[in-house]
Amino acid sequence: NRREMSEEITIQSVDLPRLVHAASILVEAGQRDEAIGLYASWVAAHEGHPLRFAALFNLSTLRSEAGDAAGAMEALRAAIHLNPDFLGAYINLGRLLEQAKDPEGALKTWYAGVDRPLVVTGTAVGHVVTALKQIARLHMEREEQAQAERALARCLSIAPHEDDALEQYLALRMREWQRPVLQPVEGLDGKAMLARLHPLSVAAFTDDPYFQLASTHAYARRVTAGLVPPRDCDRRDAPIEAGRRLRVGYLSSDLRDHAIGYLM
């Protein structure tokens, strides 16, 4: 059946949804190479197809998973050539270039994507925000603080609700001794920034214990909003056993090779 599928999928009349379905079946069966072959054959047989860029994008993903970084980048560049507004391809190509030890190429690719005049859609905005975060992260890793701050400010002006971008923006300004720390960006004033300042940054921002407590309380409410712990995990009403020392446990995703883990 798979052989028949492989032969049939290369026929000119096969549409993209059917290709994606067939390839996913092969991948789930552990036949990634066959799925790659299906996509490659379909792409070659559909030169003028309006969604050929999407097939190339999927092909790049499979090639990357198979360890073929060069082939994945080739497919992504072809997808961008066919549809220069497809920001997902820019994002993935930049990541592959960074993994290939070409940070300059990665930054150039991401900037090429976010600097394009685009039709404003939810997907496009999400892709721009993702790319700007990648740009800021890589600039910070390269100790290019001014460029990182500009990327984060641009990200926040587009998506002021992005808490992680705001945390990085304010922490970077404190690290670089930029004043005022709460430098407003479009759509986000200093008061709104102060209300969402990360507790770790608050510890460096002020020594007011009441503000630190309020900030930590507000942060905990934000990150746990809508979460309902299983009843068997809720021990707030459990009686304290007599005759033994009180035991305190710490739960954190940072108890690992991380600064918080070392501090704890």
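Anything mentioned here points back to the structure above.
Moving on: the overall build of the chain. Looking only at helices and strands, the chain features 14 helices and 0 strands. When the elements of the chain are put in sequence order from the N terminus, they spell out α-α-α-α-α-α-α-α-α-α-α-α-α-α. For the chain, the C-alpha radius of gyration of 24 Å lies well beyond 18 Å, the compact-globule estimate for 264 residues. Summarising its shape, the C-alpha atoms of the chain cover approximately 75 × 50 × 30 Å along the three principal directions. By the burial criterion, 34% of the 264 residues in the chain qualify as buried. Residue pairs in contact within the chain that sit at least 24 positions apart in sequence constitute 47% of those at least 6 positions apart. Counting 30 positive and 35 negative side-chain charges, the chain places the centres of these two groups 4 Å from one another.

Glancing now at the pattern of salt bridges. Going through the model one piece at a time under the given rule, you end up with 17 salt bridges. In this structure, glutamate 144 engages arginine 142 in a salt bridge whose closest nitrogen and oxygen atoms are separated by 3.1 Å.

Of all hydrophobic cores here, the largest spans 64 residues; its most connected members are Tyr169, Leu170 and Met193. It is helix H8 (residues 122–141) that provides the largest number of residues to this core, a total of 8 residues. For tyrosine 169, the residues in contact, after removing those within four places along its chain, are Glu149, Leu152, Ala153, Leu156, Gln183, Val185 and Met193.

The next point concerns unusual backbone geometry. Note the cis peptide between arginine 179 and proline 180, where omega equals 0 degrees. Backbone geometry at lysine 101 places phi at a positive 65 degrees, although glycine is not the residue there. Within the secondary structure, lysine 101 sits in the loop between helix H6 (87–99) and helix H7 (103–114). Residue lysine 101 is classed as exposed on the basis of its relative accessible area, which comes to 73%.

What follows concerns the packing of aromatic side chains. Within this structure, the stated rule accounts for 2 aromatic pairs. For the ring pair phenylalanine 53 and phenylalanine 86, a centre distance of 5.0 Å and an interplane angle of 70 degrees mean the geometry is edge-to-face. Placement of phenylalanine 53 in helix H4 (residues 52–65) and of phenylalanine 86 in the loop between helix H5 (69–82) and H6 is noted, with a sequence separation of 33 residues between them. The pair formed by phenylalanine 53 and phenylalanine 86 is uniform in burial state, with each residue classed as buried. When the centroid spacing of 5.1 Å and the interplanar angle of 70 degrees are considered together, the rings of phenylalanine 57 and phenylalanine 86 count as edge-to-face. A residue pair is termed long-range when its members are at least 10 positions apart, and phenylalanine 57 in helix H4 and phenylalanine 86 in the loop between H5 and H6 qualify at 29 residues. An identical accessibility class is assigned to phenylalanine 57 and phenylalanine 86; each is buried. Here a set of aromatic residues connected by ring pairs shows up, and it is made of Phe53, Phe57 and Phe86. Above the ring of tryptophan 177, the side-chain terminus of arginine 179 is found at 3.9 Å from the ring centroid.

Here we come to the packing of H5 against H6. Look at H5 against H6: their axes get within 9 Å of each other, and the N-to-C directions meet at 150 degrees. When the axis of H5 is compared with that of H6, the two are roughly antiparallel. Crossing geometry of H5 relative to H6 is assigned as left-handed. Contact with H5, carried on its side by Ala69, Ala72, Met73, Leu76, Arg77, Ala79 and Ile80, involves Ala89, Tyr90, Asn92, Leu93, Leu96 and Leu97 of H6 and no other residues of that element. Of the residues in the contact of H5 with H6, the class split is 11 nonpolar, 1 polar and 1 charged.

On to empty space enclosed by the protein. On inspection of all chains with the given rule, the structure shows 1 cavity of 30 Å³ or more. Of the pockets and cavities examined, the largest cavity occupies roughly 30 Å³. Contributing to the lining of the largest cavity are Leu87, Tyr90, Ile91, Trp110, Gly113, Val114, His127, Val128 and Ala131. Looking at the lining of the largest cavity, the elements with two or more residues in it are H6, H7 and H8. Per-class residue counts for the lining of the largest cavity are 7 nonpolar, 2 polar and no charged.

Rules behind the numbers
- Residues numbered from 1 in each chain as written.
- Predicted model: local features only at pLDDT ≥ 70, side-chain atom pairs only at ≥ 80, totals over all residues.
- Heavy atoms only, no water.
- Helix = DSSP H or I, 4+ residues; strand = E, 2+ residues; numbered from the N terminus.
- Rg over C-alpha atoms; globule rule 2.2 N^0.38 Å.
- Buried < 20%, exposed > 50% of the residue type's maximum accessible area, 1.4 Å probe, protein only.
- Contact = heavy atoms within 4.5 Å.
- Lys, Arg positive; Asp, Glu negative; His and termini not counted.
- Charge placed at Lys NZ, Arg CZ, Asp CG, Glu CD.
- Salt bridge = Lys/Arg side-chain N within 4 Å of Asp/Glu carboxyl O.
- Core = buried A, V, L, I, M, F, W, Y, C linked by side-chain atoms within 4.5 Å.
- Phe/Tyr/Trp six-rings, centres within 6.5 Å; stacked < 30°, edge-to-face > 60°.
- Lys NZ or Arg CZ within 6 Å of the ring centre and 35° of its normal.
- Axes fitted to C-alpha atoms, helices over the stretch in contact; angles between N-to-C directions.
- Parallel < 35°, antiparallel > 145°, perpendicular 65-115°, else oblique.
- Left-handed = near helix turned anticlockwise from the far one by under 90°.
- Nonpolar A, V, L, I, M, F, W, Y, C, P; charged D, E, K, R; others polar.
- 1 Å grid on protein atoms, 1.4 Å probe; cavity = no way out; pocket = protein on both sides within 12 Å on 5 of 7 lines; lining within 4 Å.
- Points joined across faces, edges and corners; volume = space filled by probe spheres on them.

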